[in-house]
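# Chain and residue survey
Each chain, letter by letter, is given below.
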Amino acid sequence: SQTIHQWPATLVQPVGSPLSLECTVEGTSNPNLYWYRQAAGRGLQLLFYSVGIGQISSEVPQNLSASRPQDRQFILSSKKLLLSDSGFYLCAAAQAIRGYTFGSGTRLTVV
Amino acid sequence: AQTVTQSQPEMSVQEAETVTLSCTYDTSESDYYLFWYKQPPSRQMILVIRQEAYKQQNATENRFSVNFQKAAKSFSLKISDSQLGDAAMYFCAYRSAIPGIQGAQKLVFGQGTRLTINP
């Protein structure tokens, strides 16, 4: 079955520090990959999606970037974090047959 | 662009009773998928039920069923015999094609409904 590993589970970072969140997928090949952000008590906002290695599309302008160096690896990054980057970040994978699978998420607090 | 609206930020129901969560969406597509996801306090996203737009029959999964009204673009979730473990945030989602990229799609989510179960 399709499984997503996402880490770390929680992260506290000072303003201006860099960020790297990693997501890896098992049990599938060539999935569509997604990064979502969820503000407290709100819905999920799509940040980035990728349909293949090196192919990244951004949904909203922001302080973050994404990369897909391998088929089943998706990385969310920032060079300098802002307070507004705080939130809950979810990685997701989709493949036509298997549908969508979500990671367990990373709670990021920027202080 | 596709949008999903959940007009009930919070709902509560007595244990063993039935509750219905509302969802409407906007799309110009004729073939699409709709989903309900549950997010408990652990924040793990759990698929509750899925509906293909071309199917007229409403999807059912045990105590969970949907009322899919395609013309009205409405997709409500009914939870029967509510249990304490049903307490969670519930998100309605629409699977949208990504223009210009064959086979690519994304999920568009509503703002969620927080469901409380009263014992």
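Placed above this text is the structure.
So, here's what we can say about the structure. Note that the coordinates shown come from a computational prediction; the quantities given were computed from them, not determined experimentally.

On to the state of the cysteines, then. Following the criterion strictly, the structure yields 2 disulfides over all chains and no others. Between A:Cys23 and A:Cys91 runs a disulfide, and the two sulfur atoms are separated by 1.9 Å. Note on the A:Cys23 and A:Cys91 pair: the S-S dihedral is about -70°, so by sign convention the disulfide is left-handed. Within this pair, whereas A:Cys23 is found in strand E3 (residues 19-26), its partner A:Cys91 is found in strand E9 (residues 87-95), the two being separated by 68 residues in sequence. A:Cys91 gets classed as buried once you look at its relative accessible area, which sits at 0%. Shown here is the disulfide that connects B:Cys23 with B:Cys92, its sulfur atoms set 2.0 Å apart. Looking down the S-S bond of the B:Cys23 and B:Cys92 bridge, the torsion is -70°, so its handedness is left-handed.

A few words on the packing of aromatic side chains. By convention here, two paired aromatic rings are described through the distance between centres and the angle between planes. Residues and elements named next belong to chain A. Applying the stated criterion across every chain yields a total of 17 aromatic pairs over all chains. On the numbers, 6.3 Å between centres and 45° between planes, the contact of Tyr 36 with Phe 102 is tilted. On the criterion of sequence distance, the pair formed by Tyr 36 in strand E4 (residues 32-38) and Phe 102 in strand E10 (residues 99-102) is long-range, its members being 66 residues apart. Phe 102 matches Tyr 36 in its accessibility class, with the two residues each being buried.

Parameters and conventions
- Residues numbered from 1 in each chain as written.
- Chains lettered and ligands numbered in written order.
- Predicted model: local features only at pLDDT ≥ 70, side-chain atom pairs only at ≥ 80, totals over all residues.
- Heavy atoms only, no water.
- Disulfide = S-S within 2.5 Å.
- Helix = DSSP H or I, 4+ residues; strand = E, 2+ residues; numbered from the N terminus.
- Buried < 20%, exposed > 50% of the residue type's maximum accessible area, 1.4 Å probe, protein only.
- Phe/Tyr/Trp six-rings, centres within 6.5 Å; stacked < 30°, edge-to-face > 60°.

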